[in-house]
Amino acid sequence: MTRTASLGRCGALALTSLVGAWLGVATAWAEDANKADIDALKKSLAKYEDYTAAVRDLYLSTVGCVYYSGEKISGAMDYPKGAMGIHFVNVPSVGQKLDPTHPNVLIYEPTKKGLRLVGAEWLVPLTPDIKEPPKLFGQTFMGPMEGHYPLIPREFVHYDLHAWLTDNPNGTFSPTNPNVKCNKAEFPMLEKPTKMMPGPM
């Protein structure tokens, strides 16, 4: 190997190492930022650990505990196997300006001790003035998609973003959480993946 080739190879290795290190730092920064955001969200939602406080603030239960089998359907959203839980929706807030500390939906898991607050969700209806998918916490919303029938009318075409307040092997912003269960629910609901709809993707 010539000296020039050797130096070139060393330079390439050094550049690869620097890029790898930079990506690692960038990932750590993103995780720290997300952790700070989620910590702030948890603090803002602390009072809703008691679901009756949520009801008093007009978060109304959709009753069914939603979960997915992991089934994949062409033209539908991709939901990893896991649950979404019981949704408590604050209807007046839907369509308003996004607020990272005031989600449109609170998500509860039914347990032996009652309902446990495990997550939050933001909903953005698809309207003619939306030119690109909404973002929050540096995350792009999923969708657009039909409403989650039968709990939400199919005609409610929307984007959504979930944020889990408890550990989720699929990630903090995954739509489902395999650690959340519906086996203690009075009304467990196995949903099919929601149909994707045309719009800015």
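Look up: the structure comes first, before these words.
My aim in this report is to walk through the structure given alongside it, one point at a time. (Residues numbered from 1 in each chain as written. Predicted model: local features only at pLDDT ≥ 70, side-chain atom pairs only at ≥ 80, totals over all residues. Heavy atoms only, no water.)

Omega for the peptide link from G143 to P144 comes to 5°, which places this bond in the cis form. Turning to its location among the elements, P144 is positioned in strand β7 (residues 142-145). Despite not being glycine, L58 shows a phi value in the positive range, around 70°. One non-glycine residue, V63, lies in positive phi territory at about 75°. With respect to the helices, strands and loops of the structure, V63 is situated in strand β1 (residues 60-68). (Helix = DSSP H or I, 4+ residues; strand = E, 2+ residues; numbered from the N terminus.)

Taken as a whole and judged by the stated rule, the model has 6 aromatic pairs. Residues Y51 and F88 carry aromatic rings whose centres are separated by 6.3 Å and whose planes lie at 65° to one another, so their mutual orientation is edge-to-face. Taken as a pair, Y51 in helix α2 (residues 51-56) and F88 in strand β2 (residues 82-89) lie far apart in primary sequence, 37 residues in all. When its relative accessible area of 3% is taken as the criterion, F88 is described as buried. (Phe/Tyr/Trp six-rings, centres within 6.5 Å; stacked < 30°, edge-to-face > 60°. Buried < 20%, exposed > 50% of the residue type's maximum accessible area, 1.4 Å probe, protein only.)

Across all of its chains, the model carries 1 disulfide by this definition. Here C65 connects covalently by a disulfide to C182, the sulfurs 2.0 Å from one another. Between C65 and C182 the disulfide shows an S-S torsion of about -75°. By sign, it is left-handed. Placement of C65 in strand β1 and of C182 in the loop between β8 (158-164) and β9 (188-190) is noted, with a sequence separation of 117 residues between them. Neither residue differs from the other here; C65 and C182 are each classed as buried. (Disulfide = S-S within 2.5 Å.)

So, about empty space enclosed by the protein. Overall, the coordinates contain 1 cavity of 30 Å³ or more when judged by the stated rule. Here the largest cavity defines a volume of roughly 130 Å³. At the level of secondary structure, the elements contributing two or more residues to the lining of the largest cavity comprise β1, β2 and β4 (114-125). Sorting elements by how many residues they give to the lining of the largest cavity places β2 first, with 3 residues. (1 Å grid on protein atoms, 1.4 Å probe; cavity = no way out; pocket = protein on both sides within 12 Å on 5 of 7 lines; lining within 4 Å. Points joined across faces, edges and corners; volume = space filled by probe spheres on them.)

Turning our attention to the nonpolar core. Within the largest apolar cluster, 35 residues are counted, with the highest numbers of intra-cluster contacts made by L41, L45, Y48, L106 and W122. Residue assignment for this core shows that the elements contributing at least two residues are α1 (3-44), α2, β2, β3 (105-111), β4 and β8. Counting residues per element, this core draws most heavily on β4, at 6 residues. Ranked by size, the runner-up nonpolar core spans 6 residues in total, among them V66, M77, Y79 and M84. (Core = buried A, V, L, I, M, F, W, Y, C linked by side-chain atoms within 4.5 Å.)

Moving on: the pattern of salt bridges. This model, assessed by the stated rule, comprises 5 salt bridges. When the shortest N-O distance is used, the salt bridge between D39 and K35 registers 2.9 Å. In this pair, D39 and K35 are both assigned in helix α1, 4 residues apart and thus about one turn of the helix distant. Judged by relative accessible area, D39 falls into the partly exposed class, the value being 36%. Between E71 and K192 there is a salt bridge whose closest N-O contact spans 3.1 Å. Pair noted here: E71 is in the loop between β1 and β2 and K192 is in the segment after β9, with a separation of 121 residues, a long-range link. A relative accessible area of 54% means that K192 is categorised as exposed. (Salt bridge = Lys/Arg side-chain N within 4 Å of Asp/Glu carboxyl O.)

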